[in-house]
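Geometric and topological summary
What follows is the residue order along each chain.
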Amino acid sequence: TLPRAVAVLSNSKRLFLGHLSLLFRCLDPRLAEICYVDTDSCVWSLSHSKLEDCLLPEQRSLWNRMCPVADENGPVSCHGKLKLEGLFDGGLFKTMKIYRLFTNEDGGEGSALAQWSVAYTRCKGISRGAAENMPDSVFDPLVPPEGEAHRLAFYRQALRPTRSGEIK
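Bear in mind the structure is a predicted one, so any value in this text is a computation, not a measurement.

When helices and strands are tallied, the protein chain shows three helices and five strands. Ordered by position from N to C terminus, the α and β elements of the protein chain give α-β-β-α-β-β-β-α. Relative to its full complement of 168 residues, the protein chain shows a buried share of 21%. Taking the intrachain contacts of the protein chain between residues at least 6 apart in sequence as the baseline, contacts between residues at least 24 apart amount to 40%. In the structure as shown, the protein chain presents an accessible area of about 12600 Å², 54% of it carried by carbon and sulfur atoms.

And the structure:
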């Protein structure tokens, strides 16, 4: 029912924004910077490979008490906690929900983006296969399209039932 959906959405939003608030209070702004936020996820740029190494010393006790990041292998429930979905070395963000994340296979710092490998591509409304085949320039907001004739477009069709249940 609609009241249940509203309750779930408002509670999940409250939990997510509460976790973001805790991250802002506990992370050292010299070591961690938020790069991207949408309705249910966030991407941070960290100076260290572990989130815990970027905490302010005076906020460690609060961090440990609140424990916002889920330990999926632990005995305690993960419900209502943040899920660390991966550590990446770089990313290109076109808009909300349209981005590409990279890992550096060499492990060397300062490598050109062309030497990095694509780890994850997210394009809301476009199939994963088509999104993964897009060139990196599509995700770079600083690369302008090369004219209308060269614009990249994806067309999708789906069969959906009408109100009477017919497929058209």
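Here we take up unusual backbone geometry. Notably, Cys67 is not glycine yet its phi reads approximately 45 degrees, a positive angle. On the secondary structure map, Cys67 appears in the loop between α2 (60-66) and β3 (90-95). Located in the positive-phi region is Lys97, a residue other than glycine, with phi close to 65 degrees. One can find Lys97 in the loop between β3 and β4 (98-103).

Turning next to a negative patch on the surface. Residues Asp40, Asp71, Glu72 and Glu85 make up a contiguous surface patch of negative charge. As for its placement among the helices and strands, Asp40 is situated in the loop between β1 (32-37) and β2 (42-46).

Core analysis: the largest hydrophobic core is formed by 14 residues, its most contacted members being Leu23, Cys26, Leu27, Trp44 and Trp63. Broken down by secondary-structure element, the contributors of at least two residues to this core are α1 (2-26) and α2. Other than its neighbours up to four places away in sequence, Leu27 contacts Ala32, Trp44, Leu51, Cys54, Leu55 and Leu56.

Following the sequence through the fold, Glu33 ends up in strand β1. In this structure Glu33 comes out as exposed when scored by relative accessible area, which is 52%. C-alpha separation for the pair Glu33 and Val43, spaced 10 residues apart in sequence, amounts to 8.8 Å. Ignoring anything within four residues of it in the chain, the contact list for Glu33 reads Val43, Trp44 and Ser45.

Parameters at a glance
Residues numbered from 1 in each chain as written. Predicted model: local features only at pLDDT ≥ 70, side-chain atom pairs only at ≥ 80, totals over all residues. Heavy atoms only, no water. Helix = DSSP H or I, 4+ residues; strand = E, 2+ residues; numbered from the N terminus. Buried < 20%, exposed > 50% of the residue type's maximum accessible area, 1.4 Å probe, protein only. Contact = heavy atoms within 4.5 Å. Areas by Shrake-Rupley, 256 points an atom, 1.4 Å probe, with all protein chains shown as cover. Patch = residues over 30% accessible without salt bridge, like charges linked within 9 Å, V, L, I, M, F, W, Y side chains within 5 Å. Salt bridge = Lys/Arg side-chain N within 4 Å of Asp/Glu carboxyl O. Lys, Arg positive; Asp, Glu negative; His and termini not counted. Charge placed at Lys NZ, Arg CZ, Asp CG, Glu CD. Core = buried A, V, L, I, M, F, W, Y, C linked by side-chain atoms within 4.5 Å.

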